[in-house]
Amino acid sequence: MEPLSPQELEAQLRAIGAAKYHDKHPFHKLMNDGNLTKEQLQVWVVNRLYYQINIPVKDSLILAKCPDREVRQEWIHRIIDHDGTADEPGGIEKWIRLGQAMGLTRPE
């Protein structure tokens, strides 16, 4: 089998994304249609928070092994976006606050 050209690879990946992206999942359709219980939404927030917490960890591992300074400089904003700074909360804190607004405690 011949390797795909960059354009062919991109087209195939975009086709998969269009057909199977998370917004096509039955759960997301139920959520977007307002057909989930409060408890189901709370579980979704906790699950999504766990995912978000692990993104900066994964990105830090990538940066730790990346020999290219420009790539590291370009990539580091992803960690800051999730973890935030001393002055600005990041995305993780926003997910925690969403959970609290939905009746969850911070430890939950």
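Residues numbered from 1 in each chain as written. Predicted model: local features only at pLDDT ≥ 70, side-chain atom pairs only at ≥ 80, totals over all residues. Heavy atoms only, no water.

Draft legend 1. Representation of the packing of helix 3 (residues 38–65) against helix 4 (residues 69–83). Taken N-terminus to C-terminus, the directions of helix 3 and helix 4 make an angle of 160 degrees; their axes are 9 Å apart at the nearest point. On the basis of the axis angle, helix 3 is roughly antiparallel to helix 4. Along this stretch, helix 3 crosses helix 4, giving a crossing that reads as left-handed. Of the residues in helix 4, those in contact with Q52, I55, P56, K58, D59, S60, I62 and L63 of helix 3 are R72, W75, I76, R78, I79, H82 and D83. Classifying every residue of the contact of helix 3 with helix 4 gives seven nonpolar, three polar and five charged. (Axes fitted to C-alpha atoms, helices over the stretch in contact; angles between N-to-C directions. Helix = DSSP H or I, 4+ residues; strand = E, 2+ residues; numbered from the N terminus. Parallel < 35°, antiparallel > 145°, perpendicular 65-115°, else oblique. Left-handed = near helix turned anticlockwise from the far one by under 90°. Contact = heavy atoms within 4.5 Å. Nonpolar A, V, L, I, M, F, W, Y, C, P; charged D, E, K, R; others polar.)

Draft legend 2. Spatial organisation of the pattern of salt bridges. Going through the model one piece at a time under the given rule, you end up with five salt bridges. A salt bridge links D59 to R78; the nearest nitrogen and oxygen atoms lie 3.0 Å apart. With D59 in helix 3 and R78 in helix 4, this residue pair connects regions lying 19 residues apart in the sequence. With a relative accessible area of 29%, R78 lands in the partly exposed category. Between E93 and R97 there is a salt bridge; the shortest N-O distance is 3.2 Å. Here E93 and its partner R97 are both found in helix 5 (residues 91–101), four residues apart, which amounts to about one turn of the helix. (Salt bridge = Lys/Arg side-chain N within 4 Å of Asp/Glu carboxyl O. Buried < 20%, exposed > 50% of the residue type's maximum accessible area, 1.4 Å probe, protein only.)

Draft legend 3. Region of the structure containing helix 3. Taking 1.5 Å as the rise per residue, helix 3 with 28 residues should run 40 Å; its terminal C-alpha atoms sit 42 Å apart, in good agreement. The set of residues buried in helix 3 consists of Q42, V45, L49, Q52, I55, P56, D59 and L63. Where the residues of helix 3 are buried, they touch helix 4 and helix 5. (Expected span 1.5 Å × (residues − 1).)

Draft legend 4. Just empty space enclosed by the protein, in detail. Under the criterion given, the structure shown has one cavity of 30 Å³ or more. By volume, the largest cavity is sized at about 80 Å³. Surrounding the largest cavity, V45, V46, L49, W95, I96, G99, Q100, L104, T105, R106 and E108 form its lining. When residues of the lining of the largest cavity are traced back to their parent elements, those giving at least two are helix 3 and helix 5. With four residues, helix 5 is the single largest residue contributor to the lining of the largest cavity. For the lining of the largest cavity, the residue count by class is six nonpolar, three polar and two charged. (1 Å grid on protein atoms, 1.4 Å probe; cavity = no way out; pocket = protein on both sides within 12 Å on 5 of 7 lines; lining within 4 Å. Points joined across faces, edges and corners; volume = space filled by probe spheres on them.)

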